[in-house]
Amino acid sequence: MEAAIAVQRFHYSSPCIDWRNFEGKPRGSLRYYSHRIKENKRLIIADLQPDKRRRDHRQRSVSDKNSSALLETGELLHSPFDEEVVLKRKAEEVKPYINGRSMYLVGMMGSGKTTVGKIMAKALGYTFFDCDTLIEESMNGTSVAEIFEHFGEGVFREKETEALKKLSLMYHQVVVSTGGGAVIRPINWKYMHKGISIWLDVPLEALAQRIAAVGTNSRPLLHDDKSGDPYTVALNRLSTIWEARGEAYANASARVSLENITSKLGYRNVSDLTPIDIAIEAFEQVQSFLNKEDGF
Ligand SMILES: Nc1ncnc2c1ncn2[C@@H]1O[C@H](COP(=O)(O)OP(=O)(O)OP(=O)(O)O)[C@@H](O)[C@H]1O
Ligand SMILES: O=C(O)C1=C[C@@H](O)[C@@H](O)[C@H](O)C1
């Protein structure tokens, strides 16, 4: 009952970020524009509100014929607004077929489950939950790191399973960022398969970079080893963890490979991708999972 109340409380207290506040670098990714927007341009223009139309007048005036020239010269820069439109359209396209099912994001620590999950939830009009935060709430605010330290990993894993069970039984239309290790217990898959699970597959080097940048204080499984520089330490630990559970992520309904998106969009590095690029691809992969499910 207490845990149910905690879940309920979290339900009402978890804010969804405004993706525009995401601290990632601003980008003028012209290829992105070319790839994603070209196919959607007619619809985007139709969707624009009058004030936004004025703001984006350059986009409207671009014909297919001369768009690549403008793209080359950099005159046609895509703004977060462009990405938002594509994201929203994708979410609206796929939403009726999701049929209210919840989404469970799985992936290694630092893979962006929380960041991308919040963006997806907002685009779908779903509620976002972070499984680690739910566990902390169910333990009166004890942090994940403290749970590991004082009670051990076993207790944490039990709490994780309880949280996933409750989420799968109590809620529809939610996007859940699961803990990096949620995939290791088969019972957790039973709950996650009530919805659609999405694996954010990020190269270990990119994960190590992100983790080295923010530190390992909140990630107990990475926190022990302090020998060497933060990037190398993180990469070594992540490689060991990956060996133990890499295969388990493949149980997910859909896989979002950052390497694939990078090459699809013609970028050089996965670090060029914004969380919105990744959220758009996640919807595309969900769509292709649903098509397969329906036998198309
Ligand atoms: N596409 C991205 N590009 C660059 N940095 C990112 C991207 N997505 C997330 N990050 C950053 O990586 C870090 C980890 O992201 P996030 O917390 O969303 O991952 P997570 O999968 O929920 O992690 P954990 O399982 O450890 O809780 C954060 O500092 C976030 O700002
Ligand atoms: O990968 C893992 O096993 C973990 C990831 C985090 O999200 C937390 O759930 C916890 O630190 C364990």
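All values derive from a computational prediction rather than experimental measurement. (Residues numbered from 1 in each chain as written. Chains lettered and ligands numbered in written order. Predicted model: local features only at pLDDT ≥ 70, side-chain atom pairs only at ≥ 80, totals over all residues. Heavy atoms only, no water.)

## A word on the overall build of the protein
On a plain count of helices and strands, the protein comes out with 16 helices and five strands. Out of the 296 residues belonging to the protein, those deemed buried represent 49%. By element, 50% of the accessible surface of the protein is carried by carbon and sulfur atoms, the whole surface being about 14700 Å². (Helix = DSSP H or I, 4+ residues; strand = E, 2+ residues; numbered from the N terminus. Buried < 20%, exposed > 50% of the residue type's maximum accessible area, 1.4 Å probe, protein only. Areas by Shrake-Rupley, 256 points an atom, 1.4 Å probe, with all protein chains shown as cover.)

## Observations regarding the site of ligand 2
Around ligand 2 there are twelve residues in total, and Asp-132, Arg-157, Gly-180, Leu-221 and Arg-245 lie nearest to it. Interatomic distance of 2.7 Å between a side-chain N/O atom of Arg-157 and an oxygen atom of ligand 2. Between ligand 2 and Arg-245 there is a distance of 2.7 Å, counted from an oxygen atom to a side-chain nitrogen or oxygen. Protein contacts shield 95% of the accessible area of ligand 2, which totals 310 Å² for the unbound molecule. Put simply, the parts of the chain that give the shell around ligand 2 at least two residues each are helix H9 (144–151), helix H10 (153–170) and helix H13 (220–223). Along the lines of polarity and charge, the residues of the shell around ligand 2 split into six nonpolar, three polar and three charged. (Near = heavy atom within 4 Å. Polar contact = N/O pair within 3.5 Å; in protein donor to acceptor, adjacent residues only side chain to side chain. Nonpolar A, V, L, I, M, F, W, Y, C, P; charged D, E, K, R; others polar.)

## Points about the confidence of the model for the protein
Put simply, the protein has an average pLDDT of 78, and 70% of its residues get 70 or more. In this model, residues 1–77 is a region of pLDDT below 50 whose contacts with residues beyond four sequence positions or in other chains number 124 contacts. Here the complex is predicted with pTM 0.78, and the ipTM for its interfaces comes to 0.97. (pLDDT = per-residue confidence, 0-100. Contact = heavy atoms within 4.5 Å.)

## So, the pairing of strand S1 (residues 103–106)
Residues Met-103 and Leu-105 of S1 are buried on one face, and the alternating residues Tyr-104 and Val-106, pointing to the opposite face, are buried as well. Sheet topology places S1 next to strand S3 (residues 174–177); three bridges connect them, and they run parallel. The residue of S3 that forms the bridge with Met-103 is Val-175. Pairing of S1 with strand S4 (residues 196–201) involves four bridges; the strand directions are parallel. Across the sheet, Met-103 pairs through a bridge with Ile-196, a residue of S4. (Pairing = 2+ DSSP bridges.)

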